[in-house]
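Understanding the architecture of this molecule
One letter stands for each residue in the lines below.
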Amino acid sequence: MAEIVIVRDKAEAGALVADEIAGLIRADPEAVLGLATGSTPLPVYEALRPRLQGVDVSRVRGFALDEYVGIDPAHPESYRSVITREVVEPLGLDPSRIRTPDGSPEGIEHHGDEYEAAIVEAGGIDLQILGIGTDGHIGFNEPGSSFASITRVKTLTEQTRRDNARFFDSIEDVPMHCITQGLGTILRARHLVLLAFGEGKAAAVAGAVEGPVTASLPGSAIQLHPHATVVVDEAAASHLTRAGYYRYAYANKPDWQGL
Ligand code: F6R
């Protein structure tokens, strides 16, 4: 079962996860991070900044979860731009070591395989940061995605396009297709850290953590992972039936275990 950590707010979640990532990079300057975009991971990236002062990050590698297909990479909401703006620049990472899936339509049928090969070549992802969609997606693996899937093109659901319209002028501007790491890709990362904040995520979190393992709720794939941590605020935890146990287990966690 995933470890569930219920925190007061985004700042506490950010600090907790940033401590873990900074520790990972100090222990292994060639650490490979799996990077999520969207609103959820921002407190983590913010909290990482002071923690990485004076730490050698020149060899850290990173792989974004996904990218929109057909978006101009220079568009401010392309995930390439978001990762550059929110992660690479503020943390001083080497841009040549941080990749996003290639969403250019030309040769798109090969871009997934190329991305998978690059992840393997880097030695695999050490820690994968995840958000979750209101429809239960992780990465852009929409409901019905195979648990064995690898990086490939997917069609975004209307719900996801509506949710992401806030980053664009209108829903019509949200691309229809994306290229995303698969659930199989995500499950190969050595540590999964899924974050969620707010009441709007409560049903998806409860389904992912306590519901049946089903492709109908792709986030439930984390139940198959030997080292998954779910960090949620009170509102996102509000549909969990075993919240009392999660708090009790976390309060009594042996120090040596880490996150
Ligand atoms: C982002 C990603 C998505 C988001 C999810 C939640 O790279 O893969 O799964 O994590 O859509 O988005 P936010 O965080 O904006 O609520």
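Criteria and cut-off values
- Residue positions are given per chain, counting from 1 as you read along its sequence in written order.
- Owing to the predicted nature of the model, reporting of local features is limited to residues with pLDDT of at least 70; listing and counting of side-chain atom pairs is limited to 80 or more, with chain, interface and lining totals taken over all residues.
- Side-chain numbers here rest on the full set of heavy atoms in the structure, without hydrogens or water.
- We count a stretch as a helix when DSSP gives it H or I for four or more residues in a row; a strand needs E for two or more, and each element gets its number in order from the N terminus.
- Both definitions apply: the radius of gyration is a C-alpha atom measure, and the globule rule equals 2.2 Å times residues to the power 0.38.
- Any residue under 20% of the maximum accessible area for its type is buried, any over 50% is exposed, and the rest in between are partly exposed; the area is computed with a 1.4 Å probe on protein chains only.
- Any two residues having at least one pair of non-hydrogen atoms within 4.5 Å are treated as being in contact.
- Neither His nor the chain ends is counted toward charge; the positive residues are Lys and Arg and the negative residues Asp and Glu.
- Every charge is mapped to an atom, namely NZ of Lys, CZ of Arg, CG of Asp or CD of Glu.
- Structural elements are reduced to axes, namely lines fitted to C-alpha atoms, with helices fitted over the stretch in contact, and the angle between N-to-C directions of any two is expressed from 0 to 180 degrees.
- Put simply, angles under 35 degrees are roughly parallel, angles over 145 are roughly antiparallel, angles from 65 to 115 are roughly perpendicular, and the rest are oblique.
- Under the convention adopted here, Pro, Cys and the residues Ala, Val, Leu, Ile, Met, Phe, Trp and Tyr are nonpolar, Asp, Glu, Lys and Arg are charged, and Gly plus all remaining residues are polar.
- By definition, two strands form a pair when at least two bridges between them are found by DSSP.
- UniProt positions are given in the numbering used here, feature names are shortened, and annotations may be inferred rather than shown by experiment.
- A crossover counts as right-handed when, viewed with the strands pointing away from the observer, the path leading from the first strand over the helix to the second turns clockwise.
- Working definition: residue near molecule or strand if any one of its non-hydrogen atoms lies within 4 Å of it.
- Contacts described as polar in this section are N or O atom pairs within 3.5 Å, which, within protein, must combine one atom able to donate a hydrogen with one able to accept it, while residues neighboring in sequence count only if both atoms come from side chains.
- Each accessible area is a Shrake-Rupley result for a 1.4 Å probe, and residues are judged covered by the shown protein chains and nothing else.
- Residues enter a nonpolar core if they are buried and are Ala, Val, Leu, Ile, Met, Phe, Trp, Tyr or Cys, with the set joined through side-chain atoms within 4.5 Å.

Along the backbone of the chain there are eight helices and ten strands. By the compact-globule yardstick of 18 Å for 259 residues, the chain fits well, its C-alpha radius of gyration being 17 Å. With the C-alpha coordinates aligned to their principal axes, the bounding extent of the chain is approximately 55 × 40 × 35 Å. The 259 residues of the chain split such that 53% are buried. Contacts spanning at least 24 positions in sequence make up 78% of the contacts within the chain whose residues lie at least 6 apart. Placing the 22 positive and 36 negative side-chain charges of the chain at their respective mean positions leaves the two points 4 Å apart.

The subject of this paragraph is the packing of helix α2 (residues 42-51) against helix α3 (residues 79-91). One way to put it is that α2 packs onto α3 with a least axis distance of 10 Å and a crossing angle of 10 degrees. With respect to α3, the element α2 is oriented roughly parallel. Contact residues: α2 offers Leu42, Tyr45, Leu48 and Arg49, while α3 offers Glu86, Val87, Pro90 and Leu91. Classifying every residue of the contact of α2 with α3 by side-chain character gives six nonpolar, no polar and two charged.

Now for the sheet that holds strand β3 (residues 61-64). An order of β1-β10-β9-β6-β2-β3-β5 is seen for the seven strands of this open sheet, with the pairing classed as parallel. On the outer flanks of this sheet lie β1 (3-7) and β5 (98-99), each paired with one strand and no other. Relative to β5, β3 runs parallel, the two being bridged by two bridges. Opposite phenylalanine 63, over in β5, you have arginine 99 as the bridge partner.

In this section: the UniProt feature "active site" (unreviewed entry) in the chain. This chain's UniProt record puts "active site" (unreviewed entry) on Asp66, Asp135, His137 and Glu142. Tracing the chain through its elements places aspartate 135 in the loop between β6 (127-130) and β7 (152-155). For aspartate 135, the residues in contact, after removing those within four places along its chain, are Glu142, Pro143, Thr157, Gln159, Thr160 and Pro218. Within the fold, glutamate 142 resides in the loop between β6 and β7.

Okay, the pairing of β3 next. As paired elements, strand β2 (residues 32-35) and β3 share four bridges and run parallel to each other. From the neighbouring strand, leucine 35 faces β3, where its bridge partner is alanine 64. Note on the crossover from β2 through α2 to β3: the handedness is right-handed.

Surrounding the ligand, one finds 14 residues, the nearest of these being Thr40, Asp66, His137, Gly139 and Lys201. Interatomic distance of 2.9 Å between a backbone N/O atom of serine 39 and an oxygen atom of the ligand. A distance of 2.7 Å is found between an oxygen atom of the ligand and a side-chain nitrogen or oxygen belonging to lysine 201. Coverage of the ligand by the protein amounts to 94% of the 400 Å² it exposes when considered alone. When the residues that make up the shell around the ligand are grouped by side-chain class, the tally is three nonpolar, eight polar and three charged.

Tracing the backbone through its elements, the reader meets threonine 40 in the loop between β2 and α2. Leave out the neighbours within four places in its chain, and threonine 40 touches Gly131, Leu195, Ala196, Phe197 and Lys201.

This part takes up the nonpolar core. Counting residues in each nonpolar core, the largest one holds 70 residues, and the members touching the most others are Ile4, Ile21, Ile25, Leu195, Ile222, Val232 and Leu240. Considering every element that reaches this core, the biggest residue donor is helix α1 (residues 10-27), with six residues. In terms of nonpolar packing, the next biggest core, distinct from the first, is built from ten residues, Ile71, Phe140, Phe168 and Val174 among them.

Mapped onto the present numbering, the UniProt feature "domain: Glucosamine/galactosamine-6-phosphate isomerase" (unreviewed entry) falls at residues 12-224. With 35% helix and 15% strand, residues 12-224 has its two end C-alpha atoms placed 27 Å apart.

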